[in-house]
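Fold and geometry: a report
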Amino acid sequence: MKGLQLLATGGALPGRVVTNEDLRRQVDTSDEWITTRTGIRQRYYCAENEDAATLAIAAARQALARSGLTAADIACCVVATLSSPTATPSVACRVQAALGLPENRPALDVNAACSGFIYAAATAHGLLTTLGGRYALVIGCEALSRMMDPTDRTTCVLFGDGAGAAIFELAENTPFVVTLGARGSEAIRAGGPAACDTAPITMDGKAVFRFAVEAMPRCLQTVLDRSQKTQADLDWVVCHQANSRIIDHCIKHLHAEPPKFYKNMNRHGNTSAASIPIALHEMEESGLLRPGQTLACIGFGGGLTWGGMLLTYEGRK
Ligand code: ACO
């Protein structure tokens, strides 16, 4: 079976940096509490003229330029987000228009919260396989600052905004394994009772923590088992960047090598569906990703949902 390999990435961060010190002036919290519980030191918030779609478009433009491909090469556009500025048009349709992607190709949004990028990549793999086509544009983007109660210290210190984009190629003899799952739960909730309601994010942090430290190692082990690989075969593990302690639990549980687990929540906070592609983009930019490397990406989050995938980084065409 043909699998996805990563060719190029792009990223976009909004202009406003919000430090823990800034939040200390807003709610009853401290830099010490936030850093020791989460590893987060700052996050980015959208300015008035920015949203999840403007970030997605900027990230997608960069990924396409870096890939060496043209808009006409892109066979599908799948966007993972839970904070689209409008229910319709979707962010994916906005990206299609902005980049001039061909109209006879699918463009759609996927909402699987923080697991969204894995779900979106799996969807792109399915679309390329079903409809034909070689290259997919997959984006994770969020403007979570628009969905938070700025007076709720249990959530407002955690989340940030941003976007990451990836160009994937469907290629022969490429190791590609995906695992996805869902368990309906109100442990993380945003919006409601009507879908268009803008009720802010609420979360049972402890329950989500317990779920995460069980789901992440399980997903990584499933991906390794299904691909008949061991941890030694992995060059990188790119986890959803919710909380440094959750990743540390995963490393401990699996007796894994910490340097293989990329972390950047200190700079971004939890950017939900954007966190994995933002990490991939940073890793590509800083030269950490090298052609031929094998990566496992692991996400978990609202829904509840989880997902993992194993893929190779190929680099630009
Ligand atoms: N500053 C200071 N004190 C705080 C803050 C804050 N920002 N927030 C909570 N507290 C207080 C609590 O009120 C509590 O006080 P009390 O003991 O007097 O009642 C105390 O700190 C401890 O609170 P806990 O909730 O027990 O803190 P915990 O150690 O569990 O850490 C955290 C909270 C960081 C949220 C953790 O539970 C966590 O990371 N959970 C997972 C979250 C996650 O990964 N979400 C990802 C999915 S999100 C998505 O999909 C959109």
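Residues numbered from 1 in each chain as written. Predicted model: local features only at pLDDT ≥ 70, side-chain atom pairs only at ≥ 80, totals over all residues. Heavy atoms only, no water.

**Here we look at the environment of P150**
Quick reminder of the rule: Note on conventions: DSSP H or I runs of at least 4 residues are helices, E runs of at least 2 residues are strands, and numbering of each starts at the N terminus. Contacts were defined at the residue level, with two residues in contact if any of their heavy atoms lie within 4.5 Å.
By secondary structure assignment, the location of P150 is in the loop between β6 (135-143) and α6 (153-156). Taking the C-alpha atoms as reference points, P150 and L23, 127 residues apart in sequence, are found 8.9 Å from one another. Excluding residues that lie within four positions of it along the chain, P150 makes contacts with Q26, V27 and C156.

**Notes on the pairing of strand β11 (residues 236-239)**
Put simply, the rule is: Burial here depends on accessible area, computed with a 1.4 Å probe over protein chains only, as a share of the maximum for the residue type. Under 20% is buried, over 50% is exposed, and the range in between is partly exposed. Two strands pair under a simple rule: DSSP has to find at least two bridges between them.
Here β11 shows no split at all, with W236 and V238 on one side and V237 and C239 on the other all buried. Looking at chain direction, β11 and strand β13 (residues 294-301) are connected through 4 bridges and run parallel. If you follow C239 over to β13, its bridge partner there is I298. Of the pairings in the sheet, the one linking β11 to strand β12 (residues 261-262) comprises 2 bridges and is parallel in character. Across the sheet, the residue bridging to V237 is F261, located in β12.

**Here's the deal with a positive patch on the surface**
Worth spelling out the cut-off: Each patch is built from salt-bridge-free residues with over 30% relative accessible area, joining like charges within 9 Å and nonpolar side chains (Val, Leu, Ile, Met, Phe, Trp, Tyr) within 5 Å. Computed with the Shrake-Rupley method and a 1.4 Å probe, the accessible areas treat only the protein chains shown as cover for residues. A pairing counts as a salt bridge when a side-chain nitrogen of Lys or Arg comes within 4 Å of a carboxyl oxygen of Asp or Glu. For this count, His and the chain ends are skipped, Lys and Arg are scored as positive, and Asp and Glu as negative. Taken as the charge centre is NZ of Lys, CZ of Arg, CG of Asp or CD of Glu, depending on the residue.
On the surface, a cluster of positive charge is made up of R37, K206, R210 and R245. Along the chain, K206 falls in helix α7 (residues 205-227).

**Re the site of the ligand**
For the record, the criterion: For this purpose, a residue is taken to be near a molecule or strand whenever a single non-hydrogen atom of the residue falls within 4 Å of it. What qualifies as a polar contact is a pair of N or O atoms within 3.5 Å, subject to a donor-acceptor requirement within protein and to the restriction that residues adjacent in sequence count only when both atoms come from side chains.
Around the ligand lies a shell of 26 residues, among which T29, R37, C114, K206 and N243 are the nearest. In this structure, W33 approaches the ligand through a side-chain N or O atom, which is 3.3 Å from an oxygen atom. For the ligand, a nitrogen atom lies 2.8 Å from a polar atom in the backbone of R153. Relative to its free-state accessible area of 1,000 Å², the ligand is covered by the protein chains to the extent of 76%.

**As for the packing of aromatic side chains**
The way to describe two aromatic rings as a pair is by their centre distance and the angle between their planes. Here is the rule we go by: Between 30 and 60 degrees the pair is tilted, below 30 it is stacked and above 60 it is edge-to-face, where a pair is any two Phe, Tyr or Trp rings, Trp via its six-membered ring, whose centres lie within 6.5 Å.
For the coordinates displayed, the defined rule picks out 3 aromatic pairs. Ring geometry for F211 against F300: centres 6.3 Å apart, planes inclined by 70°, an arrangement best described as edge-to-face. Highlighted residues: F211 in helix α7 and F300 in strand β13, separated in sequence by 89 residues. The pair F211 / F300 is uniform in exposure class, with both members buried. Measuring from centroid to centroid gives 5.9 Å for F211 and W306, while their planes differ by 55°, and the two rings are tilted. Of this pair, F211 sits in helix α7 while W306 sits in strand β14 (residues 305-313), placing them 95 residues apart in sequence. Accessibility expressed as a relative area gives 5% for F211, which makes it buried. For W306, a relative accessible area of 11% translates into the label buried. Ring pairs connect the aromatic residues F211, F300 and W306, which therefore count as one cluster.

**Topic: the pattern of salt bridges**
On inspection of all chains with the given rule, the structure shows 13 salt bridges. Among the salt bridges present, the one from K2 reaches E172, with a minimum N-O distance of 4.0 Å. With a gap of 170 residues between them, K2 in the segment before β1 (3-12) and E172 in the loop between β7 (161-171) and β8 (177-182) connect regions that are remote in the sequence. Linking D248 and K263 is a salt bridge whose minimum nitrogen-to-oxygen distance equals 2.6 Å. A residue pair is termed long-range when its members are at least 10 positions apart, and D248 in helix α8 (residues 244-253) and K263 in the loop between β12 and α9 (265-268) qualify at 15 residues. According to the relative accessible area criterion, D248 is partly exposed, its value standing at 35%. Within this structure, E21, D22, R24 and R25 form a network of salt bridges that share partners.

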